[in-house]
Amino acid sequence: MVLRQLFRTKRMISLILNNHLNGTDNNGQTVLHRAAINGQVDELSLLLTLPGTDVTCIAKDGCTALSIAVSQGHAECVRFLQEKSEQNSFVEILRHIKN
């Protein structure tokens, strides 16, 4: 279990270092989508601290990280992503008001 988690984290770090933070796989999924699929709240938290991470990114199947977490039954991920999505929406609203 620990080795599996270490491998996932190592792969995520590798993708980030290779400038693929919002890069997608063949399904249009980002590392954020993959963390949601696997129920990895710590990884979601890490990814969302990095500038440029798109919490609203939509994969080819129309899913966001939040909708994936819901469908997989990862309640802790759902709560976390809901909070981050709300914060992101609020920031976008403020940007539009300033302009």
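A short tour of the structure in this document, coming up. (Residues numbered from 1 in each chain as written. Predicted model: local features only at pLDDT ≥ 70, side-chain atom pairs only at ≥ 80, totals over all residues. Heavy atoms only, no water.)

**Structural notes on the overall build of the chain**
Then comes step 1: On a plain count of helices and strands, the chain comes out with 5 helices and 0 strands.
Then comes step 2: Looking at the chain residue by residue over its 99 residues, the buried ones come to 28%.
Then comes step 3: Here the contacts in the chain between residues at least 6 apart in sequence split such that 60% fall between residues at least 24 apart. (Helix = DSSP H or I, 4+ residues; strand = E, 2+ residues; numbered from the N terminus. Buried < 20%, exposed > 50% of the residue type's maximum accessible area, 1.4 Å probe, protein only. Contact = heavy atoms within 4.5 Å.)

**Details of the side chain of Gln29**
Then comes step 1: Looking at the element boundaries, Gln29 is found in the loop between α1 (2-17) and α2 (31-37).
Then comes step 2: Sequence-distant contacts of Gln29, that is, excluding residues within four places in its chain, are made with Gly23, Thr24, Arg34, Ile37, Ala59 and Ile68.

**Comments concerning the nonpolar core**
Then comes step 1: Counting 15 residues, the largest nonpolar core has Leu32, Ala36, Leu44, Ala69 and Leu81 as the members making the most contacts within it.
Then comes step 2: Those elements giving two or more residues to this core turn out to be α2, α3 (41-49), α4 (65-72) and α5 (75-98). (Core = buried A, V, L, I, M, F, W, Y, C linked by side-chain atoms within 4.5 Å.)

**Description of the environment of Thr56**
Then comes step 1: By the secondary structure assignment, Thr56 is in the loop between α3 and α4.
Then comes step 2: For Thr56, a relative accessible area of 41% translates into the label partly exposed.
Then comes step 3: Separated by 29 residues in the primary sequence, Thr56 and Ser85 have C-alpha atoms spaced 7.2 Å apart.
Then comes step 4: A polar contact of 2.7 Å, which involves the side chain of Thr56, links it to the side chain of Asp54. (Polar contact = N/O pair within 3.5 Å; in protein donor to acceptor, adjacent residues only side chain to side chain.)

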